[in-house]
Structure formats: structure tokens, C-alpha cells
Amino acid sequence: MNRVSDSRRSNIVMLSLIGLPIATIAAANMIPAGTQMRRNNYQDRAACERDYPPQQCEQASSGGGGGSSGGGWGYHGPYYSASRSTATTNDPGPGRSGVTPASYETSTRGGFGAFGRGIRAVG
Amino acid sequence: MQREILAPRPDWPAKVEALGLDFHTNDGEPYWWEAACYAFSAAEIDVIEEATEALHTMCLDAVGRLVASGDLGRLDIPRAYWPWIAESWRRRDPDIYGRFDLAYDGVSPPKLLEYNADTPTALLEAAVVQWYWLEEVKPGCDQFNSLHEKLIDRWKELRQRAAQVRPGSRLHLSGVFAELEDRRTVEYMQDVANQAGWPTTLLDVSQIGWNGQGFTDLSESPIGFLFKLYPWEWMLREQFGAHLLDDLIGIIEPPWKMVLSNKAILPVLWEMFPDHPNLLPAAREREAIDGACVEKPNYGREGADVVLIGEHEIVVNRSDRIYQALAPLPVFDGWHALVGSWIVGGKAAGMGMREDREPITRNTSRFVPHYFV
């Protein structure tokens, strides 16, 4: 085969995301290992918005993890650290109303990334 | 093969930053360097391309042999993961890419120094930034670089395969986003995956959750397919490592790539293909290598802890090291030049040049564009 006549480069290189603000990336603060996260469940949006700004209240999906009760909740707030002593500065907290949520979901985060805090991950 | 001196574009910082390369200068030291470029002949590119595909084939043979023999212990992979890796290989879980680092002077056959099979970087520079440089600075010339199109094509293939398993699947992409270069690399991978039709979500590797049943993102949605710019050997040893065996998710690069992503594969390749023109003698013991050699850590990156050992120098063998015959990089104008040759979807896809004043290429080594005629 006559390789010399074959161009080896891309015909066109178009980018759609590069250079855009990284707002689409969730808060880049690394989460320490074993951090338990919670998010409150609410019957309706109004209840959620008593605790959080409107943009932090999401309609509940069918997926879900461990928690203090089962499904049937309409909305949930953002994840926050279950331990207030280890919460980061941008942690949304358990809600401004101060009322203990009737239901919340839990998830553990920070289980990956410990090595990456101090060493280059790529080569 | 030559190194040319040329004037950089007057507004080059703004141009490369617009393409995502805002890490072009680190602590005042240039990383992207366009005051020079490397020029090749088409015949030399042919040689690099053929060597890359030959090395890829040999690597796959090595994976097959090690998995079949159950000999993964020599790669320092925890035993608990051996069946999982073997199953990943049996399924031929799809991979995306890798980068072979080669010593090549335009005369002798390219020699494999190491294979970055799991978390290769310099992708944005090789696929995008040097392409735009070529268009503007060497418009009548060619470049060994079809990375961008091949990446999109490969992600399209994976999308079709994923749709058969989980219709409507989303791709999550993860890395250490506190590192700007890593973040930009993952963003670029997100871009090509989007162009291939994948809906995508980015999240830092520390934001991956475990809800007792499976891995989740910050919306507590299940992660079905994950691209990670994060090393397997770290994930296995971290708190969530054991859950990898519990949750069947598609991960790129797949588990079987672990067999190739540490330098302990180099002695295996030499054992299987002794005297192959693209390989260097390599062993677990220094005394098995005649002459000067290089001591390399199994899991080092970007030249970290690589030590040159003199012809008559004796060292104490270390179990976490391999020893490889010395193949000096060619030197142009005082710069040691390294060929980084990419493989995407099993095909040679392009290359990027790195150079350094020192004989060992490191994370601070410059990226220099190339062309050929």
C-alpha cells in the first residue's frame, strides 16, 4: 500500500466544550475518604424551598440509595456532609429551617481519590 | 528527522488557551513550545506507525498469556482482583486509547521505553493544539495526527455497544479536577464523547458515591459507564476498591488494561518476543541486562524515580522495579526528543513530541509540534 499518499491528519477538529466555564462540573472540592453525605427528602417543592434556594431543590428520581425511609417523596435537597465538623465551605448544610428532616438519603463519598491528592495521576 | 527553529505565533498563548491549553506555562517554565518543531519524512512516519501497531499486538498477546497462566502476581496486582481482570479480558471489555513512549532517531527501529495504557496524558496537545498549529504555521504539510476523529469514532462504537446493554446510558467522566491538566484532558474526552452522541456528566473522582448497592453520581443517579483519568492501582487500594468487584459497571480503561499499565510488563514482552526490533531487553534483575541500563519503578509516572545505571554499575535489585537496557533519546540542539505514539481503538492514531534538556522525560518536559512531508 502506498502510505506516502495518505494524509495522516484529521480533516477537521471541532470543539464544543473546551473553553466554556466549568460550571457544569460539580464543586471541585475533593471529598475526604469515608464522607457520609445526606440529602433531605420533601413531600413537595415548597417544603424543600423552606430549607434551600429553589435551584437546589430537585424532583426526586426513581433511583435512590440507603436512607431513613423508602420512596414516595416528591423533592430532595442537595447533598450535605452528615458530619458538620468536616463539612467544606461550600457545603449547603442540613437546611436553614433547622427542622430535622422526616426523611433523608445517605451515600458515602470520598472512597476514591486519596492517592490523587498528593501524586500526579497521569503519565 | 530534524528539529527546526521557527518564530512562535505572536499571540500563541491566547490561541492555545482558547483550545483548552491554559496550562501552557507552569511556574514560569514553558510547557507548550512552538519556537521549534520536529520534521519527519513520510517514510519515518510509516516506521513509527508500524512499530506502534506491532507493539499493540504484542501487548494484547502478553495480556492473553498472563491471564491464561494466572500469572498476574508478577505484576503486583492484588490477588483478589485476578478473576475480575480475567473476566474483563474474556469479555474483551472495550478500551479507548494508550500512548507508547518510543526512542526513535529516524534511523534505527523505534524502541519501546514504556506503555501508558491506563492514564496517558498530553492528549489535548497531540489531538487538538498541534493540529491547529499545523493549519496555521505549516498549512501545506501533513501531521501524524488523526486522534480527534478516531476518538469520536471509537466512542461511537462504544455507544452502540452500551446501548445494547443499557439503553439510554449516560457516560460519567472523572479525574482529579484539582489538577488543571487532568481536568482539561477529561473535558476534552467529554467533548469527543458528546460528539459521538453520549450524554455525559463530569465529576471529580472523590465525588463518586457508594449507596450500598452501586456507584452513584452527585445526583445519586447510578453510574453505568465511567471514563476515569485515575490509575487503577490507586482505585484498588482505596476505600471503595472492594466495591469494584460488587458493581458491574463499564469502566474505561477496562480492568484488563491493568496488565499493561505497569512497567513489569516490559520483562514479560522481552521474554515472549526476545530480540524484537521494537523492544529493549528488560528484566526484574539488573544483572540480566548487559551494559548500561535504566531502573524504573513499576508504577512510576512521567519519569518519576527513573534512574540511569552505568555499564559496570551494580545495584541492589528492588522488587518494585524493573531494569531495561538503555536506549538514549536522540538529541537535537541539546534537547532529548521522545516520541509519544498513540493507539486508539487498536489502531495507530497519531503522535506527539516531548523534549527535555535531561535524558529522562518528565512532567515538566516540553511538548513540541511536528509535521511531515
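Description of the structure in this document. (Residues numbered from 1 in each chain as written. Chains lettered and ligands numbered in written order. Predicted model: local features only at pLDDT ≥ 70, side-chain atom pairs only at ≥ 80, totals over all residues. Heavy atoms only, no water.)

Moving on: the overall build of chain A. When helices and strands are tallied, chain A shows 1 helix and 5 strands. Order of helices (α) and strands (β) in chain A, N terminus to C terminus: β-α-β-β-β-β. With 123 residues in all, chain A has 35% of them scored as buried. Across chain A, contacts joining residues at least 24 apart in sequence account for 76% of those joining residues at least 6 apart. Split by element, the accessible area of chain A, about 6,600 Å² in all, is 53% carbon and sulfur. (Helix = DSSP H or I, 4+ residues; strand = E, 2+ residues; numbered from the N terminus. Buried < 20%, exposed > 50% of the residue type's maximum accessible area, 1.4 Å probe, protein only. Contact = heavy atoms within 4.5 Å. Areas by Shrake-Rupley, 256 points an atom, 1.4 Å probe, with all protein chains shown as cover.)

What follows is about the environment of Arg91(B). All names here are of chain B. Note on placement: Arg91 falls in helix 3 (residues 82-91). Accessibility expressed as a relative area gives 35% for Arg91, which makes it partly exposed. Sequence separation of Arg91 and Trp256 is 165 residues, and the distance between their C-alpha atoms is 9.8 Å. Among the polar contacts made by the side chain of Arg91, one reaches the side chain of Asp93 at a distance of 2.8 Å. (Polar contact = N/O pair within 3.5 Å; in protein donor to acceptor, adjacent residues only side chain to side chain.)

It is worth spelling out helix 6 (residues 180-195) of chain B at this point. All names here are of chain B. Here helix 6 spans 23 Å end to end across 16 residues, near enough to the 22 Å set by a 1.5 Å rise per residue. For helix 6, the tally of buried residues reaches 13 of 16 residues, placing the bulk of the element in the interior. Immediately downstream of helix 6, the backbone of Gly197 shows phi near 100°, a positive value. (Expected span 1.5 Å × (residues − 1).)

Another aspect to go through is the interface of chain B and chain A. At the interface, 73 residues of chain B touch 49 residues of chain A. Both sides together, the interface formed by chain B and chain A hides about 5,100 Å², and carbon and sulfur atoms give 54% of it. In terms of surface lost to chain A, no three residues of chain B exceed Ser206(B), Glu220(B) and Trp234(B), which account for 12% of the buried area on that side. Between chain B and chain A we count 3 salt bridges in total. Across the pair Arg9(A) and Glu135(B) runs a salt bridge whose closest N-O atoms are separated by 3.2 Å. The biggest single contributor to the side of chain B that touches chain A is helix 6 of chain B, with 10 residues. (Buried area = accessible area lost by both parts, 1.4 Å probe. Salt bridge = Lys/Arg side-chain N within 4 Å of Asp/Glu carboxyl O.)

Residues and elements named next belong to chain B. Summarising burial for strand 7 (residues 171-175): 5 of the 5 residues are buried, a large majority. Of the two faces of strand 7, both are covered, the one formed by Leu171, Leu173 and Gly175 as well as the one formed by His172 and Ser174. The pairing of strand 7 with strand 8 (residues 200-204) spans 5 bridges and is parallel. When the sheet's bridge partners are listed, Leu173 is paired in strand 8 with Leu202. (Pairing = 2+ DSSP bridges.)

Residues and elements named next belong to chain B. If you look at the biggest cluster of nonpolar residues, it comprises 71 residues, and the most contacted ones within it are Tyr38, Phe40, Ile85, Phe215, Leu244, Ile265 and Leu269. Examining the composition of this core, we find that 10 residues originate from one element, helix 2 (residues 42-69), more than from any other. Setting aside anything within four residues of it in sequence, one finds Ile85 in contact with Leu72, Ile77, Pro255, Trp256, Met258 and Val259. In this structure, Val16, Trp133, Trp155 and Ile252 belong to the second largest nonpolar core, which totals 51 residues. (Core = buried A, V, L, I, M, F, W, Y, C linked by side-chain atoms within 4.5 Å.)

Below, the discussion takes up the sheet that holds strand 16 (residues 321-325) of chain B. Residues and elements named next belong to chain B. The 4 strands lie next to each other as 13-16-14-15, forming an open sheet whose pairing is antiparallel. What marks the edges here is a single partner per strand, and that holds for strand 13 (282-283) and strand 15 (307-309). Relative to strand 15, strand 14 (residues 293-297) runs antiparallel, the two sharing 3 bridges. For Glu295, the partnering residue across the bridge sits in strand 15 and is Val307.

Packed helices, taken two at a time, are described by their axes: the angle between them and the distance between them. Residues and elements named next belong to chain B. Close contact between helix 4 (residues 123-137) and helix 6 brings their axes to 9 Å; oriented N to C, the two are set at 60°. When the interaxial angle is binned, helix 4 and helix 6 end up oblique. As for the relative orientation of helix 4 and helix 6, their crossing is left-handed in sense. Facing helix 4, whose interface residues are Leu123, Leu124, Glu125, Ala127 and Val128, helix 6 presents Glu181, Arg184, Thr185, Tyr188 and Met189. Partitioned by chemical class, the residues of the contact of helix 4 with helix 6 number 6 nonpolar, 1 polar and 3 charged. (Axes fitted to C-alpha atoms, helices over the stretch in contact; angles between N-to-C directions. Parallel < 35°, antiparallel > 145°, perpendicular 65-115°, else oblique. Left-handed = near helix turned anticlockwise from the far one by under 90°. Nonpolar A, V, L, I, M, F, W, Y, C, P; charged D, E, K, R; others polar.)

As a further point, take unusual backbone geometry. Residue and element names in this part refer to chain B. The amide bond that connects Ile252 to the next residue, Glu253, takes the cis arrangement and shows omega of 5°. Following the sequence through the fold, Glu253 ends up in the loop between strand 12 (250-252) and helix 8 (265-272). Look at Asp76: it is not a glycine, yet its phi comes out positive at around 60°. Looking at the element boundaries, Asp76 is found in the loop between helix 2 and helix 3.

A full pass over the atoms with the stated rule returns 19 aromatic pairs over all chains. Aromatic pair Phe112(A) and Phe240(B): ring centres 5.6 Å apart, planes at 90°, arrangement edge-to-face. You can see Phe112(A) sitting in the segment after strand 5 (104-109) and its partner Phe240(B) sitting in the loop between helix 7 (232-235) and strand 12, one on each of two chains. Overall, the relative accessible area of 2% leaves Phe240(B) in the buried class. Centroid distance Trp89(B) to Trp256(B): 5.1 Å. Interplanar angle 75°. Geometry classified as edge-to-face. Separated by 167 residues along the polypeptide, Trp89(B) in helix 3 and Trp256(B) in the loop between strand 12 and helix 8 bring together distant segments of the chain. Each member of the pair, Trp89(B) as well as Trp256(B), is classed as buried. The structure contains a cluster of three or more aromatic residues connected by ring pairs, namely Tyr97(B), Trp155(B), Trp198(B), Phe225(B), Phe227(B) and Trp342(B). (Phe/Tyr/Trp six-rings, centres within 6.5 Å; stacked < 30°, edge-to-face > 60°.)

Residues and elements named next belong to chain B. The strand order 8-7-11-12 describes an open sheet built from 4 strands, whose pairing is parallel. Either end of the sheet is taken by a strand with one partner, and the two such strands are strand 8 and strand 12. Recorded for the sheet is a direction-independent mean angle of 25° between the axes of neighbouring strands. Relative to strand 11 (residues 225-229), strand 7 is paired through 5 bridges, and the arrangement is parallel. Paired with Leu171 across the bridge in strand 11 is Phe225.

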